[in-house]
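Results of the structural survey
Listed here are the chains, written in short residue letters.
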Amino acid sequence: MELRDVTELIVDSEHKTAPKEDTGYPYVRTPNIGEGRLILDDVQRISEESYKKWTRRAVPQKNDLILAREAPVGNVAIVTDGITPCLGQRTVLIRPDPEKIEPEYLVYLMLGDEIQERFYAVSTGATVPHLNMSDIRGLELPELPSQETQRRIASILSAFDDLIENNSRRIEILEEMARRIYREWFVQFRYPGHEEDDDPSTSSGQRLVDSGTELGEIPEGWDIVEVQDVIDVNPRTSIDKVKERPYLPMANVSENSMLIDDTDIEYRDGSGGSKFKNYDTLFARITPSLENGKTGFVQFLKSDEQIALGSTEFIVLRSKKLNPYFVYCLARDGQFRESAIKSMVGASGRQRVRIGTVKEFKITFPPKDLLKKFSDATEPMFMEVGVLSEQNKKLKATRDLLLPKLISGKIDVGELNMN
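Read on for a plain summary of the structure. (Residues numbered from 1 in each chain as written. Predicted model: local features only at pLDDT ≥ 70, side-chain atom pairs only at ≥ 80, totals over all residues. Heavy atoms only, no water.)

Quick look at empty space enclosed by the protein
Unfilled space is identified by rolling a water-sized probe across the atoms. Summed over all chains, the structure comprises one cavity of 30 Å³ or more. Around the largest cavity sit Val11, Asp12, Ser13, Glu14, Trp54, Thr55, Arg57, Ala58, Pro60, Leu87 and Leu93, which together line it. (1 Å grid on protein atoms, 1.4 Å probe; cavity = no way out; pocket = protein on both sides within 12 Å on 5 of 7 lines; lining within 4 Å. Points joined across faces, edges and corners; volume = space filled by probe spheres on them.)

Pasting the structure below:
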């Protein structure tokens, strides 16, 4: 039995890139295809006009599968309810025939060792392995269990993915809340008590006054400082002779989230690269990573004293007179990023941010009591993100352990009560 025998259609993507927009339909590229579910945190968006053009061959719908033809070969995810994606380059749309196979079961079957090995065996390409459409359509499937058994297996595995997805949504909401508080308090100056401060009849009022800088009006009594006055930029970090330190490549930092992927990271001897600790912010300084928004908040190290290494293209930002949560939110702020991007120098495609521009960037420095209120408000959010991230790692590890055993039949699901 081949894949084409249990599907209604298998459609290749357009072989060109759709124009990117700030809002619109999710444009699913290979990095957005996780192991079972779509990863939409960093997804690009396209207009309705582009969506119509790029879905002429088939409009993705609920229970369709999207397969990565390369980078990496064989990742596959299901389209869940409420999502209207469009296929990016090097992806394939697979529509299972529900009369012959359960869509979610097919996802996990294709993620199993047997099918992944077959993908690897037929993938071609001297530098980047990729799958041909003929090999995808002709993919040989093992003998399928009954659809009732398929439903049971899919139900068990999808329960893990549902929990992971829910946690991921909570992480997204928590980060957005923290960044929104930052913008409200320190960009728009709508901090707690600002109503009183705006009232000239109050003796303690702190009205907006001209700062005499490009920052314009700021609350009276606030200071204008350079980043280097309140943040250690690439701080000097002495390290001992401990071998095999965690090494973090640029690829493990998200474009739109504080999360850092520390699963399967390598360990290196020596002291080469950037050096960072828990609660540091890692800011990409090179195109296209900075333009894509790569910025991470470190909280995955086993202790606060541990020092890790990373790409030399990270700028490490460590709080000196602020707090770590303010520093991260500043690094995600539009004005800060625009200033960094404008300072880039070097050959096209490999331009780098001038460290001096980052150090000299001017910000408003609020009163200490307001900084403490911000820390008190946002620290629990950052810590909860860390907890949920760890939960997701454990859930994924358990799912990955169960998947091959369930797909191969080593675990009998026939006696399970699914009510």
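Some details on the packing of helix α8 (residues 324–331) against helix α11 (residues 368–408)
The geometry of α8 relative to α11 is characterised by a closest axis approach of 8 Å and an angle of 80° between their N-to-C directions. Here α11 runs roughly perpendicular to α8, going by the angle between their axes. Of the residues in α11, those in contact with Tyr325, Phe326, Tyr328 and Cys329 of α8 are Leu371, Phe374, Ser375, Thr378, Glu379, Phe382 and Met383. Classifying every residue of the contact of α8 with α11 by side-chain character gives eight nonpolar, two polar and one charged. (Axes fitted to C-alpha atoms, helices over the stretch in contact; angles between N-to-C directions. Helix = DSSP H or I, 4+ residues; strand = E, 2+ residues; numbered from the N terminus. Parallel < 35°, antiparallel > 145°, perpendicular 65-115°, else oblique. Contact = heavy atoms within 4.5 Å. Nonpolar A, V, L, I, M, F, W, Y, C, P; charged D, E, K, R; others polar.)

Examining the nonpolar core
By size, the foremost hydrophobic cluster in this structure holds 45 residues, and its most contacted members are Leu317, Leu322, Phe326, Leu330, Ile363 and Phe374. Those elements that provide at least two residues to this core are α5 (147–187), α7 (227–230), β12 (231–233), β19 (314–319), α8, α9 (334–342), β20 (362–365) and α11. What Phe374 contacts, discounting residues up to four positions off in sequence, is Ala178, Ile181, Tyr182, Trp185, Phe186, Asn323, Tyr325, Phe326 and Cys329. Formed by 33 residues, the second largest nonpolar core is a distinct cluster that contains Leu3, Val6, Ile78 and Leu111. (Core = buried A, V, L, I, M, F, W, Y, C linked by side-chain atoms within 4.5 Å. Buried < 20%, exposed > 50% of the residue type's maximum accessible area, 1.4 Å probe, protein only.)

As for the pairing of strand β2 (residues 25–28)
By the bridge criterion, three bridges tie β2 to strand β4 (residues 44–46) in an arrangement that is antiparallel. Counted as the bridge partner of Pro26 is Arg45 from β4. Judged from the two bridges that link them, β2 and strand β7 (residues 86–87) form a sheet pairing that is parallel. Bridging from a neighbouring strand, Tyr27 pairs with Cys86 of β7. (Pairing = 2+ DSSP bridges.)

Observations concerning the layout of surface pockets
Size it by volume and the largest pocket reaches roughly 1,900 Å³. Lining the largest pocket we find 48 residues, and of these Pro31, Gly34, Ile39, Asp41 and Asp261 sit closest to its centre. Of all the elements in the fold, those that place two or more residues in the lining of the largest pocket are α5 and α11. For the lining of the largest pocket, the element with the most residues is α11, which contributes eight residues. In this structure, the second largest pocket spans a volume of roughly 720 Å³.

So, α11
Compared with the 60 Å implied by 1.5 Å per residue over 41 residues, the 60 Å span of α11 between its first and last C-alpha is a close match. Along α11, the sharpest change in direction is near 35° and occurs at Thr378; proline Pro380 comes one to four residues later. One or two steps after α11, the chain reaches Gly409, where phi turns positive at roughly 85°. (Expected span 1.5 Å × (residues − 1). Bend = angle between axes of the 7 residues up to and from the residue.)

Side note on the sheet that holds strand β16 (residues 281–284)
Taken in spatial order, the four strands make up an open sheet running β12-β19-β16-β17, and their pairing is antiparallel. A single partner strand is all that each edge strand has here, and the edge strands are β12 and β17 (295–297). Adjacent strand axes in the sheet meet at a mean angle of 20°, parallel and antiparallel pairs treated alike. Pairing between β16 and β19: four bridges, direction antiparallel.

With respect to the pattern of salt bridges
Tallying each qualifying case throughout the model produces 32 salt bridges. Glu35 is the partner of Lys396 in a salt bridge, and the nearest nitrogen-oxygen pair spans 3.2 Å. Note that Lys396 is positioned in helix α11 and Glu35 in the loop between β2 and β3 (36–37), a separation of 361 residues in sequence. Take Lys396: its relative accessible area is 34%, and that puts it in the partly exposed class. Look at the salt bridges and you will find they share partners, linking Glu35, Asp161, Lys396, Arg399 and Asp400 into a network. (Salt bridge = Lys/Arg side-chain N within 4 Å of Asp/Glu carboxyl O.)

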